[in-house]
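Residue-level listing of the chains:
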Amino acid sequence: MPALRAIRPAVGGVARNPVLVAVSALFALAQFPDLIVRPTASPGLAAAVSAMTFGVLILVVPFFQGGLLAMADEALDGRTGVATLVAAGRDHYLPLLVAYLALVGVSLAFGFLFVVGIVLGVAGSVVGGPAGFVRIPAEDVTLVAVLGIIVVGLFGAYLLVTFFLQFYAHAVVVEDAELVAAFRRSVRLVRSNLGAAIPYTVILAAVGAPFGLLVAAAALTLAPPAIDTAPAWLPSVELGTLGTVGVGVGVVAVTGLLGALWTTYSVAFYRALAERAPAPGRQA
């Protein structure tokens, strides 16, 4: 199974090239301002920093994305270095930026429709209910059910879009494909290799979900909500300066390691799929 066979070369590539971990950790560090600025101390400053970080990341992500994928591609065959990061990040920056902006727009659109569906569903569920109670009137059951189906459908559609387009950047970097061709290449590879792509995605989700929860816990530890707004189940932790720095360094280090492994693993898996279905003009 390609999803399992790709693990060993990925681990070997990262072990030979710890620079991948360093570069991935540097990218994680660029997202750290949101964790450092405490919203409770200055909500306005926190919002400004968050917006600035988001704007900078939009411009920086395509560069690191292209550079890390190229480094991972080299690492699978031997050694790689920062020069590859710079060269690939520069050469593939424009198509990856356009693709990233397009996908961010799609995500925002799905998110907006998802929230609207939830709001309408909640509003419909409380209409006519007595004060202090939530009641779904009989005449609104159908409406709420339809809205629920729409919300679930939108979420499922979003997952399908990301599932089929997840290798567009690999096609751009590894095979030097044009952007539109890269999207098509990703869709065709996933569609013709569902038996391999599904386990691969499950493996990534199984690793990424627990790590995401740990990062969220670290974020709450570094920048806890105000006491009067914190939920009752959230424990209060006082780390002090040294503890806060330690947690931050730990988050960056683990993110760097997992990011390097994920990138190299994804390239190894992509290469395995590409061998099954060479791109036009690349047949042996």
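Above this note sits the structure.
### Digging into the overall build of the protein chain
What the protein chain contains, in helices and strands, is 12 helices and zero strands. Listing the helices and strands of the protein chain from first to last along the sequence gives α-α-α-α-α-α-α-α-α-α-α-α. Within the protein chain, the proportion of its 284 residues that are buried is 34%. Across the protein chain, contacts joining residues at least 24 apart in sequence account for 74% of those joining residues at least 6 apart.

### Concerning helix 6 (residues 82-91)
Burial in helix 6 covers these residues: Thr84, Leu85, Ala88 and Gly89. Buried residues of helix 6 fall within an arc of 120° about the axis and therefore sit on the same side. Exposed and facing more than 90 degrees away from the buried side of helix 6 are Ala83, Arg90 and Asp91.

### What to know about the pattern of salt bridges
Within this structure, the stated rule accounts for four salt bridges. The partner of Arg271 in a salt bridge is Asp77, and the shortest N-O contact between them spans 2.9 Å. In this pair, Arg271 is assigned in helix 12 (residues 240-276) and Asp77 in the loop between helix 5 (43-75) and helix 6, connecting sequence segments 194 residues apart. For Asp77, a relative accessible area of 59% gives the class exposed. Between Arg90 and Asp91 there is a salt bridge, with its nearest N and O atoms 3.3 Å apart. Overall, Arg90 belongs to the exposed group, its relative accessible area being 54%. Given the relative accessible area of 52%, Asp91 is considered exposed. Because the salt bridges share partners, they merge into one network encompassing Asp73, Asp77 and Arg271.

### A word on the side chain of Thr263
In this structure, Thr263 sits in helix 12. Here Gly259 takes part through its backbone oxygen, which lies 2.8 Å from a polar atom of the side chain of Thr263.

### So, the packing of aromatic side chains
In this structure the tally under the stated criterion is 10 aromatic pairs. When the ring of Phe167 is compared with that of Tyr200, the centres are 5.5 Å apart and the planes differ by 35°; the resulting orientation is tilted. One end of the pair, Phe167, is in the loop between helix 8 (141-164) and helix 9 (168-174); the other, Tyr200, is in helix 11 (residues 194-222), with 33 residues separating them in the sequence. Here Phe167 and Tyr200 have matching classes, each one buried. Both rings, one in Tyr200 and one in Phe269, keep their centres 4.2 Å apart while their planes meet at 0°; by these two values the pair is stacked. Residue Tyr200 is found in helix 11, and its partner Phe269 is found in helix 12; the two are separated by 69 residues along the sequence. Put simply, the rings of Phe167, Tyr200, Tyr265, Phe269 and Tyr270 touch in pairs and so form one group of aromatic residues.

### Overview of the side chain of Ser24
By the element assignment, Ser24 lies in helix 3 (residues 19-29). Relative accessible area serves as the criterion here: at 7%, Ser24 is assigned to the buried category. A distance of 3.3 Å separates the side chain of Ser24 from the backbone oxygen of Gly256, its partner in a polar contact. With residues near it in sequence (within four places) discarded, Ser24 still touches Leu68, Thr255, Gly256, Gly259 and Ala260.

### Focus: unusual backbone geometry
Residues other than glycine seldom take positive phi values, yet Asp176 does so here, at roughly 55°. On the basis of relative accessible area, Asp176 is assigned to the exposed category, the value being 57%.

### What about the environment of Phe211?
With respect to the helices, strands and loops of the structure, Phe211 is situated in helix 11. Sequence spacing of Phe211 and Val254 is 43 residues, and the spatial spacing of their C-alpha atoms is 9.0 Å.

### Digging into the environment of Phe163
Along the chain, Phe163 falls in helix 8. Counting along the chain gives 23 residues from Phe163 to Ser186, while the straight-line C-alpha distance between them is 9.3 Å. In contact with Phe163, not counting residues within four places along its chain, are Val190, Leu194, Ala197, Ile198 and Thr201.

Each value, and the rule that gives it
Residues numbered from 1 in each chain as written. Predicted model: local features only at pLDDT ≥ 70, side-chain atom pairs only at ≥ 80, totals over all residues. Heavy atoms only, no water. Helix = DSSP H or I, 4+ residues; strand = E, 2+ residues; numbered from the N terminus. Buried < 20%, exposed > 50% of the residue type's maximum accessible area, 1.4 Å probe, protein only. Contact = heavy atoms within 4.5 Å. Arc of directions from axis to C-beta. Salt bridge = Lys/Arg side-chain N within 4 Å of Asp/Glu carboxyl O. Polar contact = N/O pair within 3.5 Å; in protein donor to acceptor, adjacent residues only side chain to side chain. Phe/Tyr/Trp six-rings, centres within 6.5 Å; stacked < 30°, edge-to-face > 60°.

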